[in-house]
Amino acid sequence: MKQLIVGNWKMNLNRGDIKELVKAIVLHENADVVVCPAFPYLDYAKHRIGTEEIKIGAQDCHEEASGAFTGDVSAQMLVDVGCSYVIVGHSERRQQHQESNYQVLQKAQAALAHSLVPIICIGESDEDNRAGKTEEVLAQQIADSIPRGSFELVVAYEPIWAIGTGRTPTTQDIKRVHKFIRAELAKKSPLSKSIPILYGGSVNDKNAASILSLENVNGVLVGGASLKAESFNQIIQAAVS
Ligand code: PGA
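Because the structure is a prediction, the values reported are computed rather than measured.

What follows concerns the nonpolar core. Among the nonpolar cores identified, the biggest contains 61 residues, and I5, L78 and I181 are the most heavily contacted of them. For I181, the contacting residues outside a window of four places in its chain are I122, L138, I142, V155, Y157 and I197.

Next comes the structure, spelled out in structure tokens:
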């Protein structure tokens, strides 16, 4: 499978920035590229990109298809404006919006019901990491927030303490944790071997090649370094077959 390079723009970039950035993205034969703009810019980004080779993802969706949910956006709406992916359960949503594993599961199911590929984020806190509870936390998140069955979905391992901090786990730790996630996924899906497992958290143009070369790392979820074409392109070029 090609490696999946996902840019999570979070609450950044305006129309002018997006126009410049998407024009400058350089694709690579080993990489499938997805960018995730903020909601108001999904349609704009889709049209500016103008190629089916770069896919669009959203950063969240509501679990219901429609209704009285002020400020929310449904999976159905995301498909309508041309999204192929949606990030669910990002730690910033889990922490700042108190999203539970169960809610993340429901969002992932809503995405799947509308043929959107959910990128389901899991990851331990600094405290849990220091206490040696990484595997325990991840096992619970996988058990409770990933749908059971033969679905096309993506899992992103993002240690919370590595997001936006410039700190990353050692490559040995990433390898160990991804192997563990792969084994846990086997309990949920007959397709577990083909579920892409992304690493996320302070991925940049310097560390991308060593992370992407690790076994069971099928791509990366990139925040800060996806906002500039120079760094994002170097990450895309680091994809391996
Ligand atoms: P970062 O963010 O690359 O800026 O650490 C990653 C993410 O939150 O998805």
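Picking up after the structure, the text goes on.
Next up on the list: the pattern of salt bridges. Taken as a whole and assessed by the stated rule, the structure comprises 14 salt bridges. As a salt-bridge pair, D60 and R93 come within 3.5 Å of each other at their nearest N and O atoms. One end of the pair, D60, is in the loop between β3 (54–58) and α3 (75–80); the other, R93, is in helix α4 (residues 91–96), with 33 residues separating them in the sequence. With relative accessibility at 5%, the residue D60 sits in the buried group.

To continue, consider empty space enclosed by the protein. Taken as a whole and assessed by the stated rule, the structure comprises one cavity of 30 Å³ or more. As a volume, the largest cavity reaches approximately 40 Å³. In terms of lining, the largest cavity is formed by G89, H90, S91, R94, C121, I122, G123, Q141, E158 and I160. Counting residues per element, the ones that place at least two in the lining of the largest cavity are α4 and β5 (117–122). For the lining of the largest cavity, a count of residues per class yields three nonpolar, five polar and two charged.

The rules behind these values
- Residues numbered from 1 in each chain as written.
- Predicted model: local features only at pLDDT ≥ 70, side-chain atom pairs only at ≥ 80, totals over all residues.
- Heavy atoms only, no water.
- Core = buried A, V, L, I, M, F, W, Y, C linked by side-chain atoms within 4.5 Å.
- Buried < 20%, exposed > 50% of the residue type's maximum accessible area, 1.4 Å probe, protein only.
- Contact = heavy atoms within 4.5 Å.
- Salt bridge = Lys/Arg side-chain N within 4 Å of Asp/Glu carboxyl O.
- Helix = DSSP H or I, 4+ residues; strand = E, 2+ residues; numbered from the N terminus.
- 1 Å grid on protein atoms, 1.4 Å probe; cavity = no way out; pocket = protein on both sides within 12 Å on 5 of 7 lines; lining within 4 Å.
- Points joined across faces, edges and corners; volume = space filled by probe spheres on them.
- Nonpolar A, V, L, I, M, F, W, Y, C, P; charged D, E, K, R; others polar.

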